[in-house]
Amino acid sequence: MGRALGGFEQTVLLALLQLGDDADGVSIRRRIEARTGMETSTGALYTTLERLAKRGLISFELGDSTPERGGRRKRRYRLEKEGLLALRESFTVFTSMIRGVEALLDLDGEPERP
Amino acid sequence: MNPPRPPILPRILLALLLRREEREVISGDLEEEFQALVSQSGGGSAARAWYRRQAWKAVGGRTVERFRRVAGSGGASTERGDPGPSGVAGPDGAGGGTMTMVRELLRDVRFGVRTFRRQPGFAAVAALTLALGVGATTAVFSIVDGVVLRPLAYPHADRIMQVWSGHPLSKSTLASIRDRVSAFETVSGYQGARFALTGEGPAAEIVGAAVAPGYFDVIGVRPARGRAFSPEESKPGHDGVAILSHAMWVGRFGSAPDVVGRSIRVDGSARTVVGIMPAGYRSLDPAWQIWVPQTVDPTNFSDWKGTAGTRVIARMAPEATAEQADAELAPIAQELHEANADAFDDAFVAAGTVTPLQQATVGSFSRTLWILFGAVSFVLLIACANVANLLLARGESRSQELAVRRSIGATAGRLIRQLLAEGMLLAVAGGGLGCGLAWLAIWTFREHVPTALPLGDRVALNGSVLGFAVATSLLTVALFALWPAVRALRPDLREALQSAGHRGGRRSGERRVNRILMAFEVALSLVLLTGAGLLIKSSWLLQHVDPGFRVDHLLTMRVSLPGGRYEDEATRVSYFRDIEERVGAIPGVVGVGSMSHLPLTSGYMSTLFTVVGRPPREGEARSYAMVQSAMPGLGETLGTRLLHGRFLEASDREDAPRVTVINRALATRAFGNDDPLGKKIELFGWFEATVVGVVKDVRDAGLDRVAPPEAILAYPQLSGFSSMYVVVRTKGDPGALRQPVVAAISELDRDVPITRVTTMEDFLRSSISDSRLTTAVFTLFAAVALLLSMVGVYGVLSYTVSERTYEIGVRVAMGAGRGTVVREIIRESVAPVGLGVVVGWGAAMALSRVMASLLFEVHPRDPVVLGTVTLGLVLAAAAAVVIPARRAASVDPVRCLDG
């Protein structure tokens with residue numbers, strides 16, 4: 001299975017899971033920003049995407065070029081089975097470790113999320 | 001209309017620094033989001049800031065990643081943790097590879113510092129050479145950035161167009177553009193003007209503009225206090241309003257909150273202040289302090305159709321394109337051409353119709369700036385070539401060291417990184433010094449030049465200029481350090497190890513590279529020298545053009561009569577008669593004259609003229625003449641040459657028959673070979689005057705322009721001009737009479753502002769200051785280029801000699817003559833210098849078209865210039881060659897073989 005996923009790697013994989021097969025760099029970045037509220041650097045995103053692709057967790061193909069991209073083509077990304085497994089493992093690790101200590105995180109002390 | 005583009009520098013960085021396969025997707029993503037942001041936020045600046053931030057992060061992150069991959073090959077795994085510098089999650093943990101890399105980098109830098117401290121001379125020469133290149137290039141870039149690249153600070157400035165830039169139009173043409181062109185959302189126009197401001201403190205002359213309705217809509221900036229002009233206020237009689245600049249409000253009215261609504265006296269008549277522009281607003285001409293409505297009166301033929309002085313600007317409609325505007329303007333262009341083929345010639349009809357406002361404001365300067373930028377890039381290339389030569393020679397002497405280190409196990413990547421770190425050190429030192437030089441140059445520019453250059457006040461050492469300096473420094477590292485580094489690693493280990501101990505000369509490949517670089521430097525210098533030579537000749541010719549009058553011993557100044565009392569013609573005329581009398585009485589004054597248009601300046605007034613009794617034939621082009629209104633005595637004072645008839649005289653009074661003195665251009669245009677004396681011409685459609693004299697052409701429109709047809713009228717008979725230039729001819733130094741003359745005039749009436757007091761010689765010099773400045777800067781670049789390249793030639797040959805000392809010693813000991821040795825060294829330089837000259841000629845020829853636009857009456861392939869420049873270059877090269885050659889000849893065989 002290889003090593004465990006990093007935090008941002010999880011975020012990116014989850015974004016891909018949400019977006020389905022129609023994900024490209026722009027839509028992934030927008031999804032992450034919309035959900036987390038943090039500005040995300042395109043450069044960091046691609047570094048991570050490349051690393052995930054190298055590990056076989058995701059795959060991509062070159063798409064069409066459009067005028068608003070100045071005629072440049074885009075990459076379309078897809079979550080592979082391996083990636084789904086890695087996410088599942090991360091989730092398992094997280095949920096098994098969090099069990100019993102939720103109270104310590106003092107989630108209720110935080111303002112409710114919309 | 002161009003869509004907004006992301007900022008240029010980040011785009012260049014992305015293109016340069018990203019790997020090819022990721023460049024397309026990443027810049028594509030950024031572009032797409034940029035466009036989305038532009039259409040969301042409406043303004044380009046937020047989108048540009050976002051793009052800049054993202055580009056920096058992308059370039060930074062990706063470059064570190066790549067470097068780590070290269071550096072860490074064989075080392076610890078790099079696949080650990082997040083990229084770090086910018087990811088939202090932040091680094092999950094610093095990778096071991098990163099730490100190793102940083103440690104190695106620091107070690108390389110320390111090692112580099114030690115190496116340079118051992119050879120301080122080498123390090124200093126290399127860093128200074130780079131500093132010169134980077135500094136000069138950055139300084140010129142800052143001007144290009146401020147003037148050409150940075151968009152005007154108006155909302156959607158890229159949609160503001162100037163219509164037929166360079167061609168002032170009549171008010172009727174403005175109206176028909178407004179009615180007929182649907183590609184424009186708003187159309188307006190302006191006419192720069194000077195106003196006399198009286199009351200409220202001392203009389204002052206202020207500059208501003210009369211603006212057509214909708215002007216502030218086109219610009220997109222409205223007054224911060226009060227309001228813009230209403231369309232009603234362009235009707236004659238309703239135009240008694242004004243808008244002030246923020247600086248004027250603060251400076252003259254002490255930021256009084258009640259200024260809006262107050263009445264001020266402009267040109268003697270009352271105007272109500274209706275608005276004050278925002279503090280940050282920068283008008284098209286930064287000197288503008290006041291805006292008044294331009295009056296429109298279609299019933300006044302001369303004002304409506306006959307006078308062309310309005311510059312038309314327009315804001316494009318949201319979906320419209322420049323092509324659409326061109327197509328809609330084409331029939332209007334044709335009509336203008338048919339009405340007046342003189343002013344609107346075939347070139348006018350063929351040329352494009354709309355120009356982005358910024359481009360139109362900067363005009364031909366942008367071309368000059370790009371040419372200077374090209375020239376300074378050559379200087380930078382020469383500097384790089386020099387440093388590459390130095391490093392190459394040094395790499396050669398270090399090849400043993402490197403070979404030894406490789407043989408005991410250092411990897412090639414390790415050594416390349418070390419050499420790159422050394423190059424980087426040089427670049428940092430050179431780039432830092434260069435930024436200092438650039439700062440100095442920009443400071444000097446800001447102190448002395450900015451007003452001579454449109455938008456020159458925006459030149460500054462800002463973020464993008466610094467970014468450019470950094471990028472240039474990095475680029476120079478790639479050019480001068482990487483290549484010698486790679487070469488230094490190539491040597492066959494055995495050969496390098498064996499050559500330890502004695503120095504028998506280099507492989508031929510090394511020498512070939514040295515010579516190619518030498519030829520390259522010579523070629524670039526020759527191109528720059530040719531450019532400088534052409535400009536110097538052109539500038540010299542321009543300074544020796546016969547202006548048509550005697551420029552020496554003349555003092556000039558401008559007096560602007562406020563309205564009120566001076567609205568009366570007789571008062572105006574007697575005011576100038578009084579000036580003549582009073583100033584004429586000052587000891588040392590030989591003659592006094594007054595005129596409405598100072599020679600050597602563009603922006604004169606011109607009008608239609610016809611020969612009375614000879615109506616224009618069907619289809620005949622109508623003719624325009626420049627109008628000069630002058631007090632009698634002007635001709636004698638200026639020293640114009642009278643060809644026929646007489647000058648204007650004191651007897652040409654208000655009630656006397658109307659007369660005119662015409663210049664030769666007008667005489668030829670109107671009368672051909674006939675005698676014009678006694679014939680009548682009609683001006684403005686109503687003013688008939690009898691020709692009483694013909695004078696030699698005066699260069700009225702500028703030293704570099706052929707004189708337009710010109711009619712000089714007597715001021716008493718045409719005294720509509722409220723501001724006039726007074727010219728005083730003096731016996732001695734005209735500057736010395738400045739004070740008494742100004743005092744005598746202001747004693748007449750303290751409410752009349754006297755401005756632009758200058759000697760005619762100074763004025764003539766300033767009228768060609770652009771050409772002189774370009775020439776001076778270009779010549780400076782050429783001189784630096786020559787110096788650098790000669791240092792390069794000298795360096796290469798010196799190195800050759802020192803390297804061949806042993807061989808020369810042996811040959812001299814064996815009986816070779818010293819002459820033979822000297823000849824041999826010289827011969828070594830002949831081929832590269834010769835090649836450089838030939839290539840330089842070719843390049844100069846190829847670039848001659850570019851230069852042509854800057855030249856006055858000099859052919860860009862002028863053989864005299866080319867010959868002189870080549871000779872000078874060859875002589876300089878000879879000097880650079882002879883010194884090392886003599887050293888070769890003085891090699892002492894005994895000492896050399898002993899050692």
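Parameters and conventions
- Residues numbered from 1 in each chain as written.
- Chains lettered and ligands numbered in written order.
- Predicted model: local features only at pLDDT ≥ 70, side-chain atom pairs only at ≥ 80, totals over all residues.
- Helix = DSSP H or I, 4+ residues; strand = E, 2+ residues; numbered from the N terminus.
- Buried ≥ 20, exposed ≤ 12 C-beta atoms within 10 Å, placed from the backbone.
- Contact = placed C-beta atoms within 7 Å.
- Pairing = 2+ DSSP bridges.
- Axes fitted to C-alpha atoms, helices over the stretch in contact; angles between N-to-C directions.
- Core = buried A, V, L, I, M, F, W, Y, C linked by C-beta atoms within 7 Å.
- pLDDT = per-residue confidence, 0-100.
- Arc of directions from axis to C-beta.
- Parallel < 35°, antiparallel > 145°, perpendicular 65-115°, else oblique.
- Left-handed = near helix turned anticlockwise from the far one by under 90°.
- Expected span 1.5 Å × (residues − 1).

1. Concerning the overall build of chain A
- Tallying secondary structure elements over chain A gives five helices and three strands in all.
- Listing every helix and strand of chain A by position from the N terminus yields α-β-α-α-β-β-α-α.
- The buried share of chain A, taken over its 114 residues, is 31%.
- The long-range share in chain A, meaning contacts at least 24 apart out of those at least 6 apart in sequence, stands at 49%.

2. What to know about the overall build of chain B
- Regarding its fold elements, chain B presents 27 helices and 22 strands.
- Across the 899 residues in chain B, those meeting the buried criterion constitute 42%.
- Put simply, of all contacts in chain B between residues at least 6 apart along the chain, 82% involve residues at least 24 apart.

3. Some words on the sheet that holds strand β3 (residues 73–79) of chain A
All names here are of chain A.
- In spatial order, the strands read β1-β3-β2; together these three strands make up an open sheet with antiparallel pairing. Only two strands of the sheet have a single neighbouring strand rather than two, namely β1 (23–24) and β2 (58–65).
- The pairing of β2 with β3 spans six bridges and is antiparallel. By the bridge assignment, Ile58 is partnered in β3 with Leu79.
- Against the sheet, helix α1 (residues 7–19) makes contact with β1, β2 and β3, and its axis sits at roughly 90° relative to β3, the strand it touches most.

4. Comments concerning unusual backbone geometry
Residue and element names in this part refer to chain B.
- Look at Arg756: it is not a glycine, yet its phi comes out positive at around 50°.
- Relative to the helices and strands, Arg756 resides in strand β22 (residues 754–759).
- A residue is classified by how many C-beta atoms lie within 10 Å of it, and Arg756, with 13 of them, is partly exposed.

5. Overview of the environment of Met557(B)
Residue and element names in this part refer to chain B.
- Within the element layout of this structure, Met557 appears in strand β12 (residues 554–560).
- Each C-alpha atom, one on Met557 and one on Ile754, is 6.8 Å from the other, the two residues being 197 residues apart in sequence.
- Not counting residues up to four positions away in its chain, the partners in contact with Met557 are Val726, Val742, Ile754, Arg756 and Val757.

6. Concerning the nonpolar core
- If you look at the biggest cluster of nonpolar residues, it comprises 130 residues, and the most contacted ones within it are Val379(B), Leu528(B), Phe781(B) and Ala785(B).
- Per element, the largest residue contribution to this core is 17 residues, and it comes from helix α13 (residues 365–407) of chain B.

7. So, the confidence of the model for chain A
- Looking at chain A, pLDDT values average 81 and 90% of them are 70 or higher.
- Averaged pLDDT values for the elements of chain A fall to 71 in helix α5 (residues 102–105) of chain A and rise to 88 in α1(A).

8. So, helix α20 (residues 664–671) of chain B
Residue and element names in this part refer to chain B.
- Inspection of α20 places Arg664, Leu666, Ala667 and Ala670 among the buried residues, and these make up the whole buried set. Along the axis of α20, the buried residues cluster in a sector spanning 160°; they form a single face.
- Just past α20, the residue Gly672 takes up positive phi, approximately 60°.

9. A look at the pairing of strand β21 (residues 723–730) of chain B
Residues and elements named next belong to chain B.
- Most of β21 sits inside the fold, with seven of its eight residues counted as buried.
- Two strands pair when backbone bridges link them, and β12 and β21 are joined in this way by seven bridges, in the antiparallel orientation. Bridged to Leu555 within β21 is Val728.
- Pairing analysis gives six bridges linking strand β13 (residues 589–595) to β21, with the strands arranged antiparallel. Across the sheet, Met595 pairs through a bridge with Tyr725, a residue of β21.

10. Considering the pairing of strand β17 (residues 659–663) of chain B
All names here are of chain B.
- Here β17 lies mainly inside the structure; five of its five residues are buried.
- Along β17, one buried face is formed by Val659, Val661 and Asn663 and the opposite face, lined by Thr660 and Ile662, is buried too.
- Two strands pair when backbone bridges link them, and β17 and strand β19 (residues 687–695) are joined in this way by five bridges, in the parallel orientation. Among the inter-strand pairings, Asn663 is bridged to a residue of β19, identified as Val695.
- Summarising the sheet, β17 and strand β20 (residues 710–714) pair through three bridges and their orientation is antiparallel. Looking at β20, one finds that Ile662 is bridged to Ala711.

11. A few points about the confidence of the model for chain B
Residue and element names in this part refer to chain B.
- On average, chain B scores 83 in pLDDT, and the residues at 70 or more come to 88%.
- Across chain B, the element-wise mean pLDDT spans from 55 in helix α16 (residues 493–498) up to 95 in β17.
- Contacts for the low-pLDDT stretch residues 72–96, under 50 throughout, to residues beyond four places or in other chains number 59 contacts.
- Every residue in residues 500–505 is under pLDDT 50, and counting partners more than four places away or in other chains gives eight contacts.

12. Some details on the packing of α1(A) against helix α3 (residues 42–54) of chain A
Residue and element names in this part refer to chain A.
- Running from N to C, α1 and α3 point in directions that differ by 80°, and their axes come no closer than 10 Å. Taken together, α1 and α3 sit at an angle that is classed as roughly perpendicular. Residues Phe8, Glu9, Val12 and Leu13 of α1 lie in contact with α3, whose contacting residues are Leu45, Thr48, Leu49 and Leu52.

13. So, the packing of helix α6 (residues 171–180) of chain B against helix α10 (residues 322–339) of chain B
Residue and element names in this part refer to chain B.
- Following both chains from N to C, one finds α6 and α10 inclined at 155°, their axes separated by 10 Å at the closest point. The pairing of α6 with α10 is recorded here as roughly antiparallel in orientation. In the crossing of α6 with α10, the sense of the turn from one axis to the other is right-handed. Contacts from Thr173, Ser176, Ile177 and Arg180 of α6 reach α10 at Glu328, Ile332 and Leu336.

14. Quick notes on helix α2 (residues 25–36) of chain A
- Taking 1.5 Å of rise per residue, 12 residues should cover 16 Å, and α2(A) covers 16 Å from first to last C-alpha, within 8% of that figure.
- Listing the buried residues of α2(A) in full gives Gly25(A), Val26(A), Ile28(A), Arg29(A) and Ile32(A). Burial along α2(A) is one-sided: seen end-on, the buried residues are contained in an arc of 165°. Summarising the geometry of α2(A), the exposed residues directed more than 90 degrees from the buried face are Ala34(A) and Arg35(A).
- Next to the buried residues of α2(A) lie α1, β1, α3 and β3 of chain A together with α2 (20–41) of chain B.
- Downstream of α2(A) by a residue or two, Gly37(A) has a phi angle that is positive, lying close to 75°.

15. Observations concerning the environment of Ile243(B)
All names here are of chain B.
- Residue position: Ile243 is located in strand β6 (residues 241–244).
- The class for Ile243 is buried, based on 27 C-beta atoms found within 10 Å.
- Measuring from C-alpha to C-alpha, the distance between Ile243 and Ala228 comes to 7.6 Å, with 15 residues separating the pair along the chain.

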